[in-house]
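Spelled out, the chains give:
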Amino acid sequence: MRMTQATAEPMILIQDVDKHFGDFHALKNINLEVPRGQVIVVLGPSGSGKSTLCRTINRLETIDSGTIEIDGKALPEEGKELAKLRADVGMVFQQFNLFPHLTIRDNVTLGPTKVHKSKKADANKRADELLTRVGIGNQADKYPAQLSGGQQQRVAIARALAMDPKVMLFDEPTSALDPEMVGEVLDVMGELAATGMTMLVVTHEMGFARKVADRVIFMADGEIVEDTDPESFFTNPQTDRAKDFLGKILH
């Protein structure tokens, strides 16, 4: 368990957040603080609001009420400030969202050269370092279609890291992968967690939650039902919803 400085300004601060999709109340009065360097895994049944919560943190989904702050700054509405915030908040999705017509290296350098105005040579050097770090340094000149799903997801992680984000969000990053590729992506995420990156991970991977998370957030019906350490959650859940969920998942 990595200790984090809870006294400092939280890296993510969510207060009284509500979100509707039409009549559907997707997020209900969400309050959450994520200290710097903490890894939070968000668990819960389908439709519980996990992905919606994840997507509100970099404003891919707008909220109806409440506030969200990243590193002490409120989420901007739109424009340049929002683009700057999105550079600070890396996001990895279920689908890899790589540009098929660009090489792996060019996929990773696109953000730094366009948003941060990095020099191409510097961006290429950094991309090669990151691709090596995620275990696919030898694939830089290939195109996405030439890589496996697990390799493509590792490119997506390298691409997010190329922006030097303060926070990394993962929205079910392994759910579109074949089972044999899941481990290689989770390993990269575990290594990233060990470096002290602040991470919020929506996943169904219970082993990862147990091993890597500092905290487990359990959601049901748009609410945070439990917020505790992994050991307590898995061995002694406090609510019927969590017990029911774990009963289905673990047996």
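To be clear, the structure that these remarks concern was listed above.
Fair warning: this is a prediction, and the values are worked out from it, not measured in the lab. (Residues numbered from 1 in each chain as written. Predicted model: local features only at pLDDT ≥ 70, side-chain atom pairs only at ≥ 80, totals over all residues. Heavy atoms only, no water.)

## Observations concerning the sheet that holds strand β2 (residues 24-34)
If you trace the four strands from one edge of the open sheet to the other, you get β2-β1-β4-β5, paired in antiparallel fashion. Edge strands, defined here as strands with exactly one partner in the open sheet, are β2 and β5 (73-74). Where strand β4 (residues 65-70) meets β5, two bridges bridge the pair, whose relative direction is antiparallel. Bridge pairing links I70 to K73 in β5. (Pairing = 2+ DSSP bridges. Helix = DSSP H or I, 4+ residues; strand = E, 2+ residues; numbered from the N terminus.)

## Structural notes on helix α5 (residues 149-161)
For an α-helix, 3.6 residues make a turn, and residues three or four places apart therefore share a direction. Spanning 13 residues, α5 covers 19 Å between terminal C-alpha atoms, matching the ideal 18 Å at 1.5 Å per step. For α5, a buried count of 12 out of 13 residues is recorded, marking the element as mostly surrounded by other parts of the structure. All buried positions along α5 are accounted for by G149, G150, Q151, Q152, Q153, R154, V155, A156, I157, A158, A160 and L161. Considering only its buried residues, α5 is in contact with β6 (89-92), α3 (104-114), α4 (120-133), β7 (167-171) and α6 (179-194). (Expected span 1.5 Å × (residues − 1). Buried < 20%, exposed > 50% of the residue type's maximum accessible area, 1.4 Å probe, protein only. Contact = heavy atoms within 4.5 Å.)

## Side note on the nonpolar core
The biggest cluster of nonpolar side chains holds 49 residues, and the ones touching the most others in it are L43, I157, M168, F170, M189 and M199. Broken down by element, the residue count for this core peaks at eight residues, all from α6. Each residue touching F170, except ones within four places of it in the same chain, is listed here: C54, V92, I157, M189, L192, M199, L200, V201 and V202. Core analysis: the next-biggest nonpolar cluster, separate from the first, contains 26 residues, I12, I14, V34 and V42 among them. (Core = buried A, V, L, I, M, F, W, Y, C linked by side-chain atoms within 4.5 Å.)

## Quick word on the sheet that holds strand β8 (residues 198-202)
If you trace the six strands from one edge of the open sheet to the other, you get β6-β7-β8-β3-β9-β10, paired in mixed fashion. The sheet is open, and its two edges are formed by β6 and β10 (223-228), each paired on a single side. Averaged over all adjacent pairs, the angle separating strand axes in this sheet is 20°, with direction ignored. Here four bridges tie strand β3 (residues 39-43) to β8, and the two strands are oriented parallel to one another. Across the sheet, V41 pairs through a bridge with V201, a residue of β8. Where helix α2 (residues 79-88) meets the sheet, its contacts fall on β6 and β7, and the angle it forms with β6 comes to roughly 65°. Against the sheet, α5 makes contact with β6 and β7, and its axis sits at roughly 170° relative to β6, the strand it touches most. (Axes fitted to C-alpha atoms, helices over the stretch in contact; angles between N-to-C directions.)

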